[in-house]
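# Observations on chain architecture
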Amino acid sequence: MKHTHPHNKTEVKALKKIIVIGSGYGGVTAAALLQKSGCSVTLLEAAAEWGGCAGKFQRRKFVFPVGATLAMGLNNDSIHGKINRFLEINVEAFRLSTVMDVTVNNETIKYYSNKESFLQMWRKKLPASADKVEAFFREVWFLSAILQKHMNEFPVIYPHTYQETAALLRGMSRNSLRLLPLRNKSFKYMLKKHGLTEEYMLREFLDNVLMDSLQTTSDKCSLLMGAAALDIYHEDAWYIEGGHYRLIEKMIESLKDNGGQVLKPRKALEVEKNGKMWSVKDHRGNVHEAEHVILNMPLSNAEKILNEKDRSSLKKKLRYAVSDREQWGAFSLYFGIKDVMGENAPLFQQFTAGENSLSDSSHFFVSASASEDRRRAPEGHRSLTISTHVDLKNWSTKEMYDKKSSKLKQQVKSRLEKAYPGFQDSIVYEITGGPSAWERFTLRMDGGVGGFPQIPGYSLTDAVSHRSGIKGLWICGDTVFPGAGSIGAASSGVHTARSILKRRIL
Ligand SMILES: Cc1cc2nc3c(=O)[nH]c(=O)nc-3n(C[C@H](O)[C@H](O)[C@H](O)COP(=O)(O)OP(=O)(O)OC[C@H]3O[C@@H](n4cnc5c(N)ncnc54)[C@H](O)[C@@H]3O)c2cc1C
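These numbers come from a predicted model, not from an experiment.

### Focus: the site of the ligand
If you check the shell around the ligand, you find 34 residues, and the closest are Glu45, Cys53, Arg444, Asp478 and Ser486. One of the backbone nitrogen or oxygen atoms of glycine 52 is found 3.3 Å away from an oxygen atom of the ligand. Sorting the residues of the shell around the ligand by element identifies helix 2 (25-36), helix 16 (435-442) and helix 17 (485-501) as the ones contributing at least two each. Here the shell around the ligand gets three residues from one element, more than from any other, and that element is helix 17. Residue composition of the shell around the ligand, by class: 15 nonpolar, 14 polar and five charged.

### Remarks on the packing of aromatic side chains
All chains considered together, the criterion is met by 26 aromatic pairs. Through pairs of rings, three or more aromatic residues link up here, namely Tyr111, Phe118, Trp122, Phe136, Phe137, Trp141, Phe187, Phe205 and Tyr233. The aromatic ring of phenylalanine 351 is capped on one face by arginine 415, whose charged end is 4.6 Å from the ring centroid.

### Some words on the sheet that holds strand 7 (residues 98-104)
The sheet built from seven strands is open, its strands ordered 8-7-16-17-18-15-19 with mixed pairing. Only two strands of the sheet have a single neighbouring strand rather than two, namely strand 8 (107-112) and strand 19 (427-433). Sheet twist, expressed as the mean angle between neighbouring strand axes with direction ignored, is 15°. Where strand 7 lies against strand 8, five bridges are found, and the strand directions are antiparallel. In the sheet register, valine 102 faces strand 8, and the bridge partner there is isoleucine 109.

### So, the domain arrangement of the protein chain
Taken domain by domain, the protein chain holds domain 1 (9-54 + 78-92 + 243-325 + 452-501), domain 2 (115-233) and domain 3 (328-445). One C-alpha centre belongs to domain 1, the other to domain 2; they are set 28 Å apart. At the interface, 22 residues of domain 1 touch 26 residues of domain 2. Note on domain 1 versus domain 2: buried area summed over both sides is about 2,100 Å², and carbon and sulfur give 65% of it. Taken together, the links from domain 1 to domain 2 amount to one salt bridge. The closest approach of N and O atoms between arginine 467 and glutamate 164, which form a salt bridge, is 3.0 Å. At the boundary of domain 1 and domain 2, one finds seven residue pairs in polar contact (both at pLDDT 80 or more). Every element with two or more residues in the side of domain 1 that touches domain 2 is listed here: helix 3 (79-87) and helix 17. Broken down by element, the residue count for the side of domain 1 that touches domain 2 peaks at five residues, all from helix 17. By residue class, the composition of the side of domain 1 that touches domain 2 is 11 nonpolar, six polar and five charged.

Cut-offs and rules
Residues numbered from 1 in each chain as written. Predicted model: local features only at pLDDT ≥ 70, side-chain atom pairs only at ≥ 80, totals over all residues. Heavy atoms only, no water. Near = heavy atom within 4 Å. Polar contact = N/O pair within 3.5 Å; in protein donor to acceptor, adjacent residues only side chain to side chain. Helix = DSSP H or I, 4+ residues; strand = E, 2+ residues; numbered from the N terminus. Nonpolar A, V, L, I, M, F, W, Y, C, P; charged D, E, K, R; others polar. Phe/Tyr/Trp six-rings, centres within 6.5 Å; stacked < 30°, edge-to-face > 60°. Lys NZ or Arg CZ within 6 Å of the ring centre and 35° of its normal. Pairing = 2+ DSSP bridges. Axes fitted to C-alpha atoms, helices over the stretch in contact; angles between N-to-C directions. Domains from an automatic or database assignment. Contact = heavy atoms within 4.5 Å. Buried area = accessible area lost by both parts, 1.4 Å probe. Salt bridge = Lys/Arg side-chain N within 4 Å of Asp/Glu carboxyl O.

Now the structure itself:
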């Protein structure tokens, strides 16, 4: 085992004890960065697998990513690129030249990584509006570039420390001020500005992609968050061999190699402040003590794990968010199939199920394993993870689940049969899961997943901070700033680690 040697005596003195609860992207990122920086970290995970929504499960010879499949931010200067370099880890992954196929009615729109090919494709799809569509995307990318310069420095809103202020300043450019008047605008504003509100195919395309990345559609989505999400698919979208869980596992290995402690399955039941220290009681009755506790779980879970006294000291904004903000649920289908998809089948695709869909968003996201990915399926086979957003209110009982799930499954199978003749007969293993399965396996309260919809009012300056309001208690994951999927969750892990260390890490 390799141990980290703190660089000097001051650091030895300042060695901090930290407990991280939850091994989702946020928690594992914070834990690995802190341990590598000389802290003493203990990570507790309740489930049998690491990674939460970015984890995996295995059935027969198939490995299924449980939720997250498409990876972003692995370029050298992007978030995972920087984290991986700092931790000296690597995963086998390849950049996607076509990120996904989005099917709207019977029209397939290819999300080319290359921006010029992408614009050319739109020119063919919407010749009458081609110039407007091009101007629209160029402005979206322009905004994203300004934002990206900020994002690369891991800014938080609002900065509390010298390091956070410095990060914000480093991200500044001549154009930064242009973002200010747009911070409360939605994508609707941009579509209107370019005269594209009535362009159904473009809107459906945006709705599919934004729903998947930011949990909301173009009419409501924050313009700035949406611009960043649409842009990152160009040149920085990846397929990780095996799946996201590989990256999570690498971070866990780094944590262990550097002397950290990892406990699984180990559920934290109570978190309590005693003087200057925190104590965490786990389901085996052990009590762990530390100066800092990081809760890598949704805000509603975080609130519940505290006693009444500590809960009442949480920031008001955080408590309001728990009662006011809702997440989507997910219905997921997992298929192990004999490969009838053919060599050129897209690894990621989305389709709209249409008006008769039983899904509450009517968008389906289909991720297939690469034909050569032996970590996920045996030779000649593929593993598929498919998900759709569902309204938690419509899936709260077993009767509701039974009624909807079998019909929804049939709808998905028929759609895939149309795309890949022989699909239904090729299935060798199948399993589905609704919100209660998500709650059971990731502990996310009521099965709410993906983080809050990134609408103005919930995002950017209105997002909830990783600071809980109580000294030594931090929250990370996809329900705190910046939100939005695995990249958002990992960013919150970086923010938390930096706040605890009180210095720049990446
Ligand atoms: C269906 C679906 C598809 C998705 N697709 C993508 C995608 O393609 N690309 C992408 O980037 N993102 C995707 N996402 C989003 C992404 O997976 C999540 O936003 C991200 O992984 C959440 O990370 P997190 O840090 O919030 O932790 P979580 O994933 O919520 O993990 C928290 C962990 O903490 C553990 N835990 C909770 N409470 C306790 C406790 N008391 N004691 C011990 N352990 C505890 C849980 O067991 C869990 O393992 C998808 C999400 C879903 C649901």
